[in-house]
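Topology and contacts: notes
Okay, here's what each chain looks like letter by letter:
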Amino acid sequence: MTGPAGGLVGIVVVSHSRALADAAVALAREMVHDGGPRIEVAAGLDETTFGTDAAAITAAVEAADDGAGVVVLMDLGSAVLSAELALEMVDPDLATRVVLCAAPLVEGLVAAVVTAAGGAGAAAVAADATDALTAKTAQLGSAPAGADEAPAPPDVEGPTVTLTLRDPHGLHARPASRLVGAVRGLAADVQARNTSTGSGWVPVASLSRLATLGGLAGHVIEVRATGPDAATALDRVVAAAADSGLTGALLAAPQELLVPDTPARPLGASPGIAVGPARPLRAAAFEIDEDPAGDPAAEQARLARARADAAHAIEAVRDHTATTAGADEAAIFDAHLALLDDPDLLDDAHARIAAGRAAGRAWADAVDAAAAAFAALPREYLRARAGDVRAVGDQVLRALTGADGPAATPGDGVLVAADLTPADAAGLDPATVTGVVLAAGSPTAHAAILLRAKAIPAVVGAGMHVLDVAAGTVVAVDGTTGEVLVDPTPAQAERFAARAAEQADRARAARARACEPAVTRDGTTVLVGVNAGSAADAATATGADLAGLVRTEFLFLGRDDAPGVDEQEAAYRDVAAALGGRRITLRTLDVGGDKPLPYVPAAAEANPFLGVRGLRLALRAPDLFATQLRAIVRTAHATPVSVMFPMVSTVAELLAARAALDAAIAAEGRGVPPQLQVGMMVEVPAAALRAAAFAPHVDFLSIGTNDLTQYTLAAERGNDAVAALADPLDPAVLALVAATCRGAGDDVLVAVCGEVAADDAAAALLVGLGVRELSVAAPAVAGVKQSVRGIDLAAAAALAEQALRAPDAETVRALAAPGH
Amino acid sequence: MSASIDQLTDWVRRFAAAVHEHRDELTRLDSAIGDADHGSNLDRGMTAVVAALDAEPQPSAAALFKKVGMTLVSTVGGASGPLYGTFFLRVATASGEVTELDGPAFAKALRAGLEGVVARGKAEAGDKTMFDALAPAVDALDAALADGDPLGESLRAAATAAASGRDATIPLVARKGRASYLGERSAGHQDPGATSVTLLVVAAAEALA
């Protein structure tokens, strides 16, 4: 539809404010390149007085028209009334060519100017302007159902081209307007879709519809055309795209293509075999309340109640997790509780309620905005917090509607889900959930750690296709090898069943011998300890030779002031008592900016994992440190104690810590406790590489493989996108374990207290490298002891040599797999 | 009796004086439920009208009311500009090029103005707008004239009806204009448009007595 006589449709901008109208016109003029339509402004009573003037609008309409018609865009209230009045005041013949357009002023004006510049008629210009709101509502996700779904263009056969977007800003308005201009006036129906997002087809002639494609850098846009000028149209589209830089030089890496959202391969995340019917986890099916049940005050009260309910639920999960998996793992829920009280989030939600929204809608929108803000941050660590925001947000929404959490299809079987939040994982019942398969996820994520603590076999990173598995389909899972079989053949099922039976036999045998020492076939004793976050952890560790790691954080988190000497001593003695008086390894306070303590001043850090944490923090809080060391010394006078300093990077730090310990011993005035041993964690590659420099100052070195892996491979454990990188069996990590053992020499014991120590495949490898103590979660103690009993030291050393030369972690796993 | 062009002009001037006198009250009413500009906007418009009439007295009813309407649409700024502007422009058209209006002709002109307000503002009874005072006033005028009452007396009845309509807006919830954004909170406040249009009818009763 082209205006008569080749003239362009004129545009009139009516606003209360002259400044607003002038600025909007300037913004819109940026979109047109070759002149563009006539734009008249009728705004304000003068430069500074707000108001609208029907007579001025009349004059503007007359000036804007050159026979092709006029589209009038207005702001609100009297602008509309005055424009309507003006339409009565102009020449009746002209009035028939004028369209008063209900589009939002700024968005509508930009779209109208582009469409008019392409030579469209007044009705088409007005329609595109009205459509301009669609892109924004789609972007903000606030479109009512169906509002952003214009009727799909009919399926047509015709030539197509594809455009790969190279502009770092994607298909933004300016290049999009060039595409619109390229197809105007041609006898062709030209449509585009975003194949990267799987969008529907939209007309290229419409700027606002193009915007709904959401084209980002790296996306592939497909364009098709029909009609006599189809070929010309596509040529022009390609030329306009190149000309505007849309498909030109690659200015920035298309990040979305480089970051896989799942690990590259399925990974065993919790050992064990499970064969059973799939129980797909259905996303929380709850409806967000859209209609306020009461006035804003009542809605605010509803939200407050729901937040309180959610807080109680999170606290319960945290406490449960603290007893089953340790304080470290429970700390994630403290972060969730803090998000629940986040002032920005609350202010936003309250403001939305005050504006008349229902509590549910207000909270959901505020959470979306906060999560989107996190997701847009440049640092991956902060981006990952978006998931936490959404997890907390959903919990409140469920409390508001009384809905249950995500529900698995009822019945025993293998849970299949995209991913699990820590809360979801904490809530699983091992009695009914015999196994877990996650499409995404990471073996080092909190959810996986909780699954191991519950001894539920699990495979993560299985790929999105597992979500297509129908409920009831038999799924076989090997949480050690990472194998997942959907609808296995009878032979395959039998193989899994045999493996499971073998493991069950082994577990039975292990339990029977749990309290015997773990001695290799050739007579080398390997200590097997328990990692404890509380006295309760220690109490459940049947057969543990010692507590190889006591996370003392359980005493410090979730309170407003530091525990005193007496309280700490009592707690440490409780742990020792729970272990029947066996040695306890007390790690001094290991926190950082990711879980700040209210009574320890700490600056905000962009990357807390590379900031003031562990011993670095203790040395900056000497009173806190001295108090803890006093309690440890007192405990050591009563029971065998090892003290261990976390996150040591330099010898100077270690010497400073030892000096503090000496001061605490002197302050107690009872001499050096005879059974006190001193050690340090090896988590920083610098410490592993220079173990020989540390060895003279310690009795033992304990390798924290979780952090050592993170720091070695520069891959955060909680980030699914790099989970496959953060494999503790990566040859680089093993090389650092080997370096630590070499540097330690004969007199200094090397322990491993990370997750990998419980890995069936890893025990021989670690012992072969020279590790003589493995400290694991309580349920794994008996099994690890049994693994040690199967080790032949010479064979293990040969295996370790091979592993150090292996190209990657996958090869190491294959080498170390049982039965190899 | 008929209303002369001088009396009609006096009506307009009296309305201007009343708006000026009640300017702060109108603004105060508007500040409770709107954008606090009704008094100042309408006063600016009517002051401009008086200045225009001072500069150039109008010879006919049509010319007078068209002048008033056109001046208002260009000087008021807010929604009362096109609404009062439309009212007077329709009154001008209905009045015709005459120098006096008898009762029925004046009533017919007011009715046309009311219809213009409805067409412009899409307001209905109970929306808490100027319609709620103007419509009962025009109805009362028609009824009184039909009963054979003289124009002056009929206009007093119209003024009473306007005031009743104005007072009846207090408990209403606004459904038009900026006040509608307040929803339930607009209840309990007298509508400023109904208040100013009552001044218009009262001015007519005084000028055309």
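Note: the structure precedes this text.
Read on for an overview of the structure. Model, not experiment: these values are computed from the prediction. Think of each chain on its own: its residues are numbered from 1, step by step along the sequence as written. Chains and ligands are labelled sequentially in the order written, the chains with letters from A and the ligands with numbers from 1. The predicted origin of the model limits local features to residues at a pLDDT of at least 70 and limits the giving and counting of side-chain atom pairs to 80 or more, whereas totals for whole chains, interfaces and linings rest on all residues.

**Concerning the overall build of chain A**
For chain A, the count of helices and strands is 32 helices and 24 strands. The exposure label follows from counting other C-beta atoms within 10 Å of a residue's C-beta, where the C-beta atoms are placed from the backbone and the thresholds are 20 or more for buried and 12 or fewer for exposed, leaving partly exposed in between. Buried residues in chain A amount to 52% of all 820 residues. In chain A, the proportion of contacts linking residues at least 24 apart, taken out of those at least 6 apart, comes to 73%. Put simply, DSSP marks the helices as runs of H or I at least four residues long and the strands as runs of E at least two long, and each gets a number from the N terminus on. We call two residues in contact when the distance between their C-beta atoms, placed using the backbone, is within 7 Å.

**A closer look at the interface of chain A and chain B**
Listed per partner, the contact involves 15 residues of chain A and 17 residues of chain B. Every element with two or more residues in the side of chain A that touches chain B is listed here: α2 (54–64) and α3 (78–89) of chain A. Under the grouping applied here, Gly and all other residues not named as nonpolar or charged are polar, the nonpolar ones being Ala, Val, Leu, Ile, Met, Phe, Trp, Tyr, Cys and Pro and the charged ones Asp, Glu, Lys and Arg. Of the residues that constitute the side of chain A that touches chain B, the class distribution is seven nonpolar, six polar and two charged.

**Let's talk about the nonpolar core**
Core analysis: the largest hydrophobic core is formed by 175 residues, its most contacted members being V437, A547, V575, L701 and L766 of chain A. Looking at which element gives the most residues to this core, the answer is helix α14 (residues 359–375) of chain A, with eight residues. Defined on buried residues, the nonpolar core groups Ala, Val, Leu, Ile, Met, Phe, Trp, Tyr and Cys residues joined through C-beta atoms within 7 Å.

**A look at the sheet that holds strand β21 (residues 677–682) of chain A**
Pairing between the strands of a sheet is mediated by backbone hydrogen bonds and can be parallel or antiparallel. Residue and element names in this part refer to chain A. Each pair of strands is called paired provided DSSP finds at least two bridges between the two strands. Taken together, eight strands build a closed barrel; the order of strands is β17-β18-β19-β20-β21-β22-β23-β24 and the barrel is parallel. Neighbour to neighbour, the strand axes of the sheet diverge by 25 degrees on average, direction disregarded. Where strand β23 (residues 749–752) lies against strand β24 (residues 773–776), two bridges are found, and the strand directions are parallel. By the bridge assignment, A751 is partnered in β24 with E773. In this analysis, axes come from line fits to C-alpha atoms, helices being fitted only over the stretch in contact, and the angle between any two N-to-C directions falls in the range 0 to 180 degrees.

**Some thoughts on the pairing of strand β17 (residues 527–532) of chain A**
Residue and element names in this part refer to chain A. Across the six residues of β17, six count as buried, placing the element largely inside the fold. Side chains of β17 alternate between two faces, with L527, G529 and N531 and V528, V530 and A532 buried alike. Direction of pairing for β17 relative to β24: parallel, over a ladder of four bridges. Looking across to β24, one finds that V530 is bridged to V776. Across four bridges, the pairing between β17 and strand β18 (residues 546–551) is parallel. Looking at the pairing, G529 lines up with L546 of β18.

Shape is all these values report; function is a separate question.
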